[in-house]
Structure formats: C-alpha cells, structure tokens
Amino acid sequence: KAIVADYRAKIQNPMDLGTMTTKLEKNEYATLGDFCLDLRRIFSNCLRYNTTVNDSFRPLAVDMLRAAEELMGAFIARMEAPAIVYPPLLYCWELCVSILTAAIDLKNPKDGHQTAHFFMHPVSFYFGGDLPADYLQKVKRPIDLGTVTSSLLEGQYQKVQDFVNDCLLIKENC
C-alpha cells in the first residue's frame with residue numbers, strides 16, 4: 001500500500017502495458033498520437049519514479065523507449081508519412097536523459113546524500129500535496145526534474161533550448 005500511495009503521489013499520469021492493451025481492445029485510442037503518448041508514458045514514469053542513485057531501472061527504461069521509438073518510426077510514422085501523427089522526441093533525447101541521470105546521481109561529498117533529492121518532484125509533493133503559502137509569489141513557474149523528464153519523453157520539447165531552459169529554471173527557482 002505504501003508503494004502504491006508513493007507512486008500515485010509522484011506520477012500524475014500512470015500507464016502500463018495492461019492498461020494499453022485494454023484500451024486497444026476497447027478501441028479507446030482516438031489517434032495514433034494518443035497511443036504513442038501512452039507508450040512513452042510507461043518509460044517516462046519509470047524514469048520519473050526510479051530516482052535513487054544508480055537506479056538499475058533507468059537504463060532499462062531508456063533501452064525500451066529506444067526500441068519503442070524505432071518500432072513506431074518503422075511502422076507508424078512510415079505508414080502515415082508525410083503527416084506527423086505524434087510529436088517526435090528531440091534528436092538528442094538520450095543525451096538529455098543521461099544529463100538528468102547524472103544530476104540525479106550526484107551526491108553531497110560531505111554527507112553522501114543525493115544532492116537532487118528535493119528537485120525530483122513538484123514542491124507540493126514535499127508539502128503533503130500543497131504548496132507553501134507564498135511559493136507562487138516567489139516562483140512564477142514551478143518546475144522539477146520529474147516534470148522535465150515527462151516533458152522530454154512525451155515529446156513536449158520541440159527544441160533543445162526548451163529542455164535547457166527548464167533545467168536552468170529549476171536552478172533559478174531554487
């Protein structure tokens with residue numbers, strides 16, 4: 001129960017292959033883009049949830065997403081060309097994930113604790129679901145590493161600079 005509650009607190013849009021299969025069987029996908037988004041969310045959620053230093057699930061999620069993107073490119077994108085049916089990932093998405101992972105893996109040299117701990121999830125996660133009273137007066141656009149991960153792997157960034165800007169905003173908000 002504790003793991004389920006923790007997962008639900010950290011993951012806003014849960015998705016798994018069983019749910020996708022059910023949605024396919026019930027013809028609930030309106031577009032190929034919706035299907036691709038759900039598939040990407042599986043791996044995005046894995047990276048977003050598994051944030052301990054040197055977590056063994058992270059490279060697996062990247063490998064599986066790479067394979068899924070190759071299959072979608074071979075079967076879906078080719079069949080629908082020249083129309084774009086789902087947003088492409090940044091050409092350097094794997095490098096971006098490795099940068100996020102490097103940030104997650106940083107440890108404070110004095111105490112050995114994970115440096116990025118309080119930047120993994122929205123601030124509200126650390127305050128029982130609410131934001132501190134004056135937070136939005138000080139921080140105009142909240143952002144965290146989990147949100148950046150989701151934005152990256154759900155195809156919301158169309159330019160590398162958008163990814164960079166959000167990463168820099170985390171630091172600025174701090």
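Refer to the preceding data block for the structure.
A short tour of the structure in this document, coming up.

Procedures and definitions
Residues numbered from 1 in each chain as written. Predicted model: local features only at pLDDT ≥ 70, side-chain atom pairs only at ≥ 80, totals over all residues. Heavy atoms only, no water. Helix = DSSP H or I, 4+ residues; strand = E, 2+ residues; numbered from the N terminus. Rg over C-alpha atoms; globule rule 2.2 N^0.38 Å. Buried < 20%, exposed > 50% of the residue type's maximum accessible area, 1.4 Å probe, protein only. Contact = heavy atoms within 4.5 Å. Areas by Shrake-Rupley, 256 points an atom, 1.4 Å probe, with all protein chains shown as cover. Lys, Arg positive; Asp, Glu negative; His and termini not counted. Charge placed at Lys NZ, Arg CZ, Asp CG, Glu CD. Salt bridge = Lys/Arg side-chain N within 4 Å of Asp/Glu carboxyl O. Polar contact = N/O pair within 3.5 Å; in protein donor to acceptor, adjacent residues only side chain to side chain. Phe/Tyr/Trp six-rings, centres within 6.5 Å; stacked < 30°, edge-to-face > 60°. Core = buried A, V, L, I, M, F, W, Y, C linked by side-chain atoms within 4.5 Å. Expected span 1.5 Å × (residues − 1). Arc of directions from axis to C-beta.

### Brief notes about the overall build of the protein
When you go through the protein residue by residue, the secondary structure sums to 8 helices and 0 strands. From first element to last, N terminus to C terminus, the protein shows the α and β order α-α-α-α-α-α-α-α. What you see for the protein is a C-alpha radius of gyration of 17 Å, in line with the 16 Å of a compact globule of 174 residues. For the protein, the C-alpha atoms occupy an extent of roughly 55 × 35 × 35 Å along the three principal directions. Across the 174 residues that make up the protein, the buried fraction comes to 37%. Pairs at least 24 apart in sequence give 67% of the contacts found in the protein among residues at least 6 apart. Carbon and sulfur atoms make up 61% of the accessible area of the protein, which amounts to about 10600 Å² in all. Each charge sign in the protein was given a centre, from 18 positive and 21 negative side chains, and these centres are 4 Å apart.

### Topic: unusual backbone geometry
Phi at Asn27 takes a positive value of approximately 55°, unusual for a residue other than glycine. Turning to its location among the elements, Asn27 is positioned in the loop between helix H2 (17–25) and helix H3 (32–49). Overall, Asn27 belongs to the exposed group, its relative accessible area being 67%.

### What to know about the side chain of Asp55
In this fold, Asp55 is placed in the loop between H3 and helix H4 (57–80). Buried within the structure, Asp55 lacks any salt-bridge partner; Arg58 is the closest side chain of opposite charge, at an N-O distance of 6.7 Å. Within the local environment of Asp55, its side chain forms a polar contact with the backbone nitrogen of Phe57, the two atoms lying 2.8 Å apart.

### Considerations on the pattern of salt bridges
Per the counting criterion, the structure on display carries 9 salt bridges. A salt bridge links Lys10 to Asp6; the shortest N-O distance between them is 3.2 Å. With Lys10 and Asp6 both in helix H1 (residues 2–10), this residue pair falls 4 residues apart, about one helical turn. For Asp6, a relative accessible area of 24% puts it in the partly exposed group. Each member of the salt-bridge network shares a partner with another, and the members are Asp63, Arg66 and Glu94.

### Here's the deal with the side chain of Asp144
Summarising the element assignment, Asp144 is placed in the loop between helix H6 (135–138) and helix H7 (145–153). Polar contacts involving the side chain of Asp144 include one to the main-chain amide nitrogen of Gly146, which spans 2.9 Å.

### Notes on the packing of aromatic side chains
In this structure the tally under the stated criterion is 5 aromatic pairs. Pairing Tyr157 with Phe163 gives two aromatic rings, centres 6.0 Å apart and planes at 75°, and the pair type is edge-to-face. Cluster of aromatic residues (ring-pair linked, three or more members): Phe118, Phe125 and Tyr126.

### Topic: the nonpolar core
Residues Trp93, Leu152 and Phe163 are the most contacted members of the largest nonpolar core, which totals 35 residues. Elements with a contribution of two residues or more to this core: H3, H4, helix H5 (93–105), H7 and helix H8 (160–173). Those residues in contact with Leu152, other than ones at most four positions away along the chain, are Leu89, Leu90, Trp93, Cys96, Val97, Leu100, Tyr157 and Phe163.

### Quick look at H5
Between its terminal C-alpha atoms H5 stretches 18 Å, which fits the 18 Å expected from 13 residues at 1.5 Å a residue. Those residues of H5 lying buried are Trp93, Cys96, Val97, Leu100, Thr101 and Ile104. Considered in projection along H5, the buried side chains sweep an arc of 140° and stay on one side of the axis.

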